[in-house]
Amino acid sequence: MIAVPEPDLTPRELIERAVTMRSELLDRQSETERLTVYPTETHEDFLKAGFYRTLQPRRYGGHEFDVPTFYRVVTEITRGCPSTGWAFSLSAAHVLQVSSFFGEQTQDELFGGDGDFRAASTVAPVGLAQPDGDDHVIIDGTWPYSSGSPYSTHYLAQTLRAPQNPGDRPGPFVLFVAPRSSWTLLDDWYGSLGLRGSGSNSLRFDQARIPTHHTLEGSLIDLPVEGGTVGSKLHGQAMYAGRPGSFFQGEMAALMIGTAYAAADEYARIISERRLIQDPGRTRADLHDYQRHLGEALTAIRTADAAMRATADEWMDACADNVSGRAPFTAAVDDRLALVHLTAARMAWEALQGILFRTAGSRPGRNGERMQRYFRDAATMRTHVCSSMFEPLARRVGRARLGLPSDDIPLVS
């Protein structure tokens, strides 16, 4: 057992800390892009605030707050700086999967003596897991787009099991967790359109030796949870018996919604300061059209936010039903929740690019302007693999409603 910092901290207090930090994150946006990851001061602020421990089990020094709380924290951090929110979320979130699917011995080793744990990840498998005796595997390769890796203590990634015989096809997916000492952080995160400060560096494993009990067979986006998991039993917490796919899509929704809120904040500032050419005594904020643009965008963003929060609550209910035996948390439920999150993210994106960026004027689109940064960041978010799952998820949800099988429809190509 690891002592919980601030054992009386409440979810509301944690969220308020993220809200309070917004102005500092705004001020650090340019520096974050220059550094390609949020500055050390921000990392220390997050440590002090307890953000990284939001989903971490209390057994290992975490707050063990629920998924809706985590999404709220992500949204508020992103509203201050989208790159920072992305890097934070994609390193702080994976404690949920580690705590859900890996055994007690592994968790004891990973969380160590103080519970300091952050794990970047990426969904695409790289290389092969070569057996090294009965109790270790050798991992070799370079994993790109590992967002949040500069401040990660561990890495959660996928590879393929090496074939037993030469010429055979590689075996199934292998999920593994490795400490920072096992990999090298490459200085290669630059040149992207957006999320320039997200610390999405590549990681290089050079014949790293990983204990076999730090590996699992299965895909990160499709791990079975029916009836509960080793983590839900170990921690007595249903949250650790949830499917990862819809959880990850909820992250994407929280990030896009936070970015859209940031763009709405900037839009309000822009139109309040932009004086009219023919009536310098007034600003664009006095015109009905700009008032309507802002109102429509805010309503769309808030609708997306409400959908995300309600779906996060449903995800928690599905976990509870799964553990209690009332109803299994099936792939069909996972698909349905994931598609709602995806739709919420798309709604926020449309408000950002179709209303706010389009009507803000050309000046806010210049280099160094926040509105340009928000557009770049959101556009880059839309290229993430999660966004590409919309069409297959829609088919799978429709087929499930019609009583047709959907196992043959892959989510990623």
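Residues numbered from 1 in each chain as written. Predicted model: local features only at pLDDT ≥ 70, side-chain atom pairs only at ≥ 80, totals over all residues. Heavy atoms only, no water.

1. Here we look at the overall build of the chain
For the chain, the count of helices and strands is 14 helices and 8 strands. Taking 413 residues into account, the globule formula puts the C-alpha radius of gyration at 22 Å, and the chain, at 22 Å, falls close to it. In terms of its C-alpha atoms, the chain occupies a principal-axis envelope of roughly 80 × 50 × 50 Å. Counting across all 413 residues of the chain, residues that qualify as buried make up 56%. (Helix = DSSP H or I, 4+ residues; strand = E, 2+ residues; numbered from the N terminus. Rg over C-alpha atoms; globule rule 2.2 N^0.38 Å. Buried < 20%, exposed > 50% of the residue type's maximum accessible area, 1.4 Å probe, protein only.)

2. Comments concerning the pairing of strand β7 (residues 201-211)
Inspection of the sheet shows strand β3 (residues 136-146) paired to β7 by 8 bridges, in the antiparallel sense. Bridge assignment links I138 to a residue of β7, and that residue is R209. As judged from the 3 bridges shared by strand β6 (residues 183-185) and β7, these two strands associate in the antiparallel manner. Among the inter-strand pairings, T184 is bridged to a residue of β7, identified as R204. (Pairing = 2+ DSSP bridges.)

3. Points about the packing of aromatic side chains
Here the distance between the centres and the angle between the planes together describe a pair of aromatic rings. All told, the structure shown has 24 aromatic pairs when counted by the stated rule. Among the aromatic residues, those joined into a cluster by ring pairs are Y38, F46, F51, Y52, F70, Y71, F88, Y151, F247, F248, W315 and F329. Between R346 and the ring centre of F390, over which it is positioned, the NZ or CZ distance is 3.8 Å. (Phe/Tyr/Trp six-rings, centres within 6.5 Å; stacked < 30°, edge-to-face > 60°. Lys NZ or Arg CZ within 6 Å of the ring centre and 35° of its normal.)

4. Thoughts on the nonpolar core
Core analysis: the biggest nonpolar cluster contains 104 residues, and F46, F51, V67, F70, F88, F247 and W315 have the highest contact counts within it. Ranked by residue count, the leading element in this core is helix α10 (residues 244-273), at 16 residues. Residues contacting F88, with those up to four places away along its chain left out, are Y38, F46, F51, Y52, F70, V73, V74 and I77. (Core = buried A, V, L, I, M, F, W, Y, C linked by side-chain atoms within 4.5 Å. Contact = heavy atoms within 4.5 Å.)

5. Re helix α14 (residues 390-401)
Look at α14: 17 Å from first C-alpha to last across 12 residues, which is about the 16 Å you get at 1.5 Å a residue. Listing the buried residues of α14 in full gives F390, P392, L393 and R396. Summarising the axial view, the buried residues of α14 lie within an arc of 165 degrees, below the 170-degree limit, and thus occupy one face. Where α14 is buried, its residues meet α10 and α12 (331-359). The positive-phi residue at the C-terminal boundary of α14 is G403, with phi of around 75 degrees. (Expected span 1.5 Å × (residues − 1). Arc of directions from axis to C-beta.)

6. Re the environment of V67
Here V67 lies in helix α5 (residues 67-80). On the accessibility criterion, V67 (0% relative accessible area) is buried. Linking V67 and L96, residues 29 residues apart in sequence, is a C-alpha distance of 9.3 Å. Ignoring sequence-local partners within four residues, the contact set of V67 consists of L55, L96, M239, F247, A312, W315 and M316.

7. So, the pairing of strand β2 (residues 128-131)
In this structure, β2 lies alongside strand β4 (residues 154-161), joined through 2 bridges in parallel fashion. Note on β4: the bridge partner recorded for A129 is R161. Both β2 and β3 contribute to a ladder of 3 bridges, which runs antiparallel. Of the residues in β3, the one forming a bridge with A129 is I139. Counted along the chain from β2 to the antiparallel partner β3, the turn is 4 residues long, and its residue G133 has a positive phi close to 75 degrees.

8. Concerning the environment of D317
Positionally, D317 belongs in helix α11 (residues 288-324). Taking the C-alpha atoms as reference, D317 lies 42 Å from D206; in sequence the two are 111 residues apart.

9. Concerning the side chain of Q158
Tracing the backbone through its elements, the reader meets Q158 in strand β4. A distance of 2.5 Å separates a polar side-chain atom of Q158 from the backbone oxygen of V123. (Polar contact = N/O pair within 3.5 Å; in protein donor to acceptor, adjacent residues only side chain to side chain.)

10. Focus on unusual backbone geometry
For T36, which is not a glycine, the phi torsion comes out positive at approximately 70 degrees. Among the structural elements, T36 can be located in the loop between α3 (29-35) and α4 (40-49). On the basis of relative accessible area, T36 is assigned to the buried category, the value being 18%.

11. A word on the pattern of salt bridges
This model, assessed by the stated rule, comprises 23 salt bridges. Measuring nitrogen to oxygen at the nearest pair gives 3.0 Å for the salt bridge that ties D45 to R28. With D45 in helix α4 and R28 in the loop between α2 (22-27) and α3, the pair connects residues that are 17 residues apart, well separated along the chain. The exposure class of R28 is buried, given its relative accessible area of 18%. Its salt-bridge partner being R161, residue E217 comes within 3.9 Å of it at the nearest N-O pair. Within this pair, whereas E217 is found in strand β8 (residues 215-217), its partner R161 is found in strand β4, the two being separated by 56 residues in sequence. By relative accessible area, R161 is classed as partly exposed at 29%. Bridged by salt links that share partners, the residues E33, R373 and R376 form one connected network. (Salt bridge = Lys/Arg side-chain N within 4 Å of Asp/Glu carboxyl O.)

12. Focus: the packing of α5 against α11
To characterise two packed helices, one gives the angle between the axes of the helices and the distance between these axes. Contact geometry for α5 and α11: axes closest at 8 Å, N-to-C directions at 150 degrees. Classified by the interaxial angle, the pair formed by α5 and α11 is roughly antiparallel. Only M308, R309, A312, D313, W315 and M316 of α11 make contact with α5, whose side of the interface consists of V67, P68, Y71, R72 and T75. (Axes fitted to C-alpha atoms, helices over the stretch in contact; angles between N-to-C directions. Parallel < 35°, antiparallel > 145°, perpendicular 65-115°, else oblique.)

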